[in-house]
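# Report on the structure
This is what each chain is made of:
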Amino acid sequence: MSLPQPQAILVLPHLRIQNANAIASPLTHGFPSITAFTGLMWALERKLAQAGVPLRLHGVGVVCHAHQEQVTQGYVRSFNLTRNPVDKDGSTAAIVEEGRMHLQLTLVLSVSQKAAPGVPHALVQGNDTQLAEWARMAGDTLAGMRVAGGSVLPSRPVPGKRVRPWMALVPEDPEQAEKAFREWRRQWLPGFALVGRDDLLAERLEHLRATKPDATLLDAWLHAARFNHEPLPAADGTPVPDGKVRWGDPLRMKGSGWVVPIPVGYAALASQAHAAGTVRHARDAAVPLRFVESVYALGEWIGPHRLTHLNQLLWHAEANEALGLYRCRSGYQPTPSPDPSAQTDRSDGPPDGTQPEWDDAEAYEYT
């Protein structure tokens, strides 16, 4: 997928989100789905267009600074639920289980200007006043919107950090763009950025098929989503004395990264979409409707200081109607270690630096 070159970035820093949706999919919880933020991006673009701001938003990066899932503490946790008002006849209302969490986020949006005949280009050097005004309008608009189902609270001052929305131009020269990104990413610390790791899922599938040839991607995803403890051999390869056996997950050793299972989009349940207006109670009767299910992958929480350029941070939405696949794609590509011997079983890639081939057709034919 060819991605448009961003002309600028719009940064919405240190957003305080109350009661965001913590249940990202039928199988995952703990952080909103990345599709919630791409949906927010499109909704914000439409509202800015109504306000006369000619910006097109292409991709979104998510940096989490703090999170607090509303759950009971203990070995087995359950969501804290709200008591709803009584029914009209005075009986107790049913409790609908919902997962909520509080977040502090920074959203980074890649931006270009919508070209209009006779309108001068505004995303140029020396036009800081216009950029600041557009950033202010974006912040004011976002304050009245929902972020992953949660409410936006006023930002608190953060020492040494910018807490008001701001925009900056992305230099056309790649070296200058990387230098500018190194300056921007300091503002997003401390925090962790969510990036996609489809390569790890391909590696886990290859690992499972070495002992179980009929393993599917679903097996690999479930295997990577949990800790698989087993006896670990001694570092020098000698037999371990009785009572001295170390247990652990050989694919999740120290330094292997904060890898998590995440939903990344949707896959169609039928080969053809229903014609517009043929399905009752559809949200929009003017567009075709297609029933879908969640698509899952692996992601990794990584410090922004470990990213080298803007595209590594951003997520972009892509659609393949023929395959029935609507998913978000991360621009992150891991940097291979220069010393192959320093790589763990959960390496950032093969020793030659190439990435495993990822075939969408194979990825979603696991059923």
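What comes next concerns the included structure. Because the structure is predicted, anything quoted here is derived from the model rather than measured.

### Comments concerning the overall build of the protein chain
A tally of regular secondary structure across the protein chain gives six helices and 13 strands. Looking at the 367 residues of the protein chain, the share that counts as buried comes to 42%. When the accessible area of the protein chain is evaluated, it comes to approximately 21000 Å², of which 53% is carbon and sulfur surface.

### Considering the side chain of R327
The residue R327 is located in strand β13 (residues 325-330) in this model. For R327, a relative accessible area of 3% translates into the label buried. There is a polar contact of 3.2 Å between the side chain of R327 and the side chain of D198.

### Quick word on the nonpolar core
In this structure, F37, W134 and M167 are the most contacted members of the largest nonpolar core, which totals 54 residues. Residues contacting F37, with those up to four places away along its chain left out, are F31, P32, V60, V62, L105, L107 and V147. Within the second largest apolar cluster, 20 residues are counted, among which are V11, V63, V108 and L313.

### Topic: the pairing of strand β6 (residues 166-169)
Residue alternation in β6 divides its side chains into two sets, W166 and A168 and M167 and L169, and both sets are buried. The pairing of strand β1 (residues 8-21) with β6 spans four bridges and is antiparallel. Looking at β6, one finds that L10 is bridged to M167.

### Looking at the packing of aromatic side chains
Going through the model one piece at a time under the given rule, you end up with six aromatic pairs. Centre to centre, the rings of W221 and Y296 are 4.8 Å apart; their planes meet at 40°, and the pair counts as tilted. Residue W221 is located in helix α5 (residues 217-224), and its partner Y296 is located in strand β11 (residues 292-302); the two are separated by 75 residues in the primary sequence. Accessibility assignment for this pair places W221 and Y296 in one class, buried. Measuring from ring centre to ring centre gives 6.0 Å for W258 and W301, while their planes differ by 45°; the resulting arrangement is tilted. Here W301 lies in strand β11 and W258 lies in strand β10 (residues 258-268), a separation of 43 residues in the sequence. For W301, a relative accessible area of 11% puts it in the buried group. Ring-pair connections join several aromatic residues into one group, and the members of that group are F31, F37, F192, W258 and W301. Seen from the ring of W166, R162 lies directly overhead, with NZ or CZ sitting 4.2 Å from the centre. Between the NZ or CZ atom of R252 and the centre of the ring of F227, over which it lies, the distance is 4.8 Å.

### Thoughts on the packing of helix α1 (residues 34-50) against helix α2 (residues 128-143)
Closest axis-to-axis distance for the α1/α2 pair is 10 Å, and the angle between their directions is 115°. Of the two elements, α1 crosses α2, and the hand of that crossing is right-handed. From α1, L40, L44, K47 and L48 reach across to α2, where they touch M137, A138, T141 and L142. Grouping the constituent residues of the contact of α1 with α2 by class yields six nonpolar, one polar and one charged.

### Describing the packing of helix α4 (residues 198-209) against α5
For the pair α4 and α5, interaxial distance at closest approach is 9 Å and the crossing angle is 105°. In terms of orientation, α4 lies roughly perpendicular with respect to α5. Mapping the contact onto sequence places L201, R204, L205 and L208 in α4 and L217, D219, A220, W221, H223 and A224 in α5. Across the contact of α4 with α5, the residue classes break down as seven nonpolar, one polar and two charged.

### Some words on helix α3 (residues 174-185)
Its 12 residues place the ends of α3 16 Å apart at the C-alpha level, agreeing with the 16 Å of an ideal helix rising 1.5 Å per residue. Residues A177, A180, F181, W184 and R185 constitute the buried set of α3. Seen from one end, α3 has its buried residues packed into an arc of 130°, which puts them on one side. Those residues of α3 that are buried are in contact with β1 and β6.

### As for α2
Over its 16 residues, α2 runs 23 Å from end to end, which matches the ideal 22 Å to within 8%, given 1.5 Å per residue. Buried within α2 we find L131, W134, A135, M137, A138, G139, T141 and L142.

### Comments concerning the side chain of T28
With respect to the helices and strands, the residue T28 is situated in the loop between β1 and α1. A relative accessible area of 8% places T28 in the buried class. Reaching out from T28, the side chain makes a polar contact with the side chain of S25 at a distance of 2.6 Å. For T28, the residues in contact, after removing those within four places along its chain, are I23, W221, P261, P263 and Y296.

### Describing the environment of M137
Mapped onto the secondary structure, M137 falls in helix α2. Separated by 84 residues in the primary sequence, M137 and V53 have C-alpha atoms spaced 8.4 Å apart. The contact partners of M137, leaving out residues within four places of it in the chain, are L48, A51 and V53.

### Focus: the pattern of salt bridges
Here the structure, examined in full by the defined rule, presents eight salt bridges. Between D199 and R197 there is a salt bridge, with the nearest N and O atoms lying 2.8 Å from each other. Taking the relative accessible area as the measure of exposure, D199 reaches 10% and is therefore buried. Between R329 and E318 there is a salt bridge, and its shortest N-O distance comes to 2.7 Å. Here the residue R329 occupies a position in strand β13, and E318 occupies one in strand β12 (residues 315-320), the gap between them amounting to 11 residues. Taken together, the shared-partner salt bridges in this structure form one network comprising D198, E318, R327 and R329.

Reading the values: the criteria
Residues numbered from 1 in each chain as written. Predicted model: local features only at pLDDT ≥ 70, side-chain atom pairs only at ≥ 80, totals over all residues. Heavy atoms only, no water. Helix = DSSP H or I, 4+ residues; strand = E, 2+ residues; numbered from the N terminus. Buried < 20%, exposed > 50% of the residue type's maximum accessible area, 1.4 Å probe, protein only. Areas by Shrake-Rupley, 256 points an atom, 1.4 Å probe, with all protein chains shown as cover. Polar contact = N/O pair within 3.5 Å; in protein donor to acceptor, adjacent residues only side chain to side chain. Core = buried A, V, L, I, M, F, W, Y, C linked by side-chain atoms within 4.5 Å. Contact = heavy atoms within 4.5 Å. Pairing = 2+ DSSP bridges. Phe/Tyr/Trp six-rings, centres within 6.5 Å; stacked < 30°, edge-to-face > 60°. Lys NZ or Arg CZ within 6 Å of the ring centre and 35° of its normal. Axes fitted to C-alpha atoms, helices over the stretch in contact; angles between N-to-C directions. Left-handed = near helix turned anticlockwise from the far one by under 90°. Nonpolar A, V, L, I, M, F, W, Y, C, P; charged D, E, K, R; others polar. Parallel < 35°, antiparallel > 145°, perpendicular 65-115°, else oblique. Expected span 1.5 Å × (residues − 1). Arc of directions from axis to C-beta. Salt bridge = Lys/Arg side-chain N within 4 Å of Asp/Glu carboxyl O.

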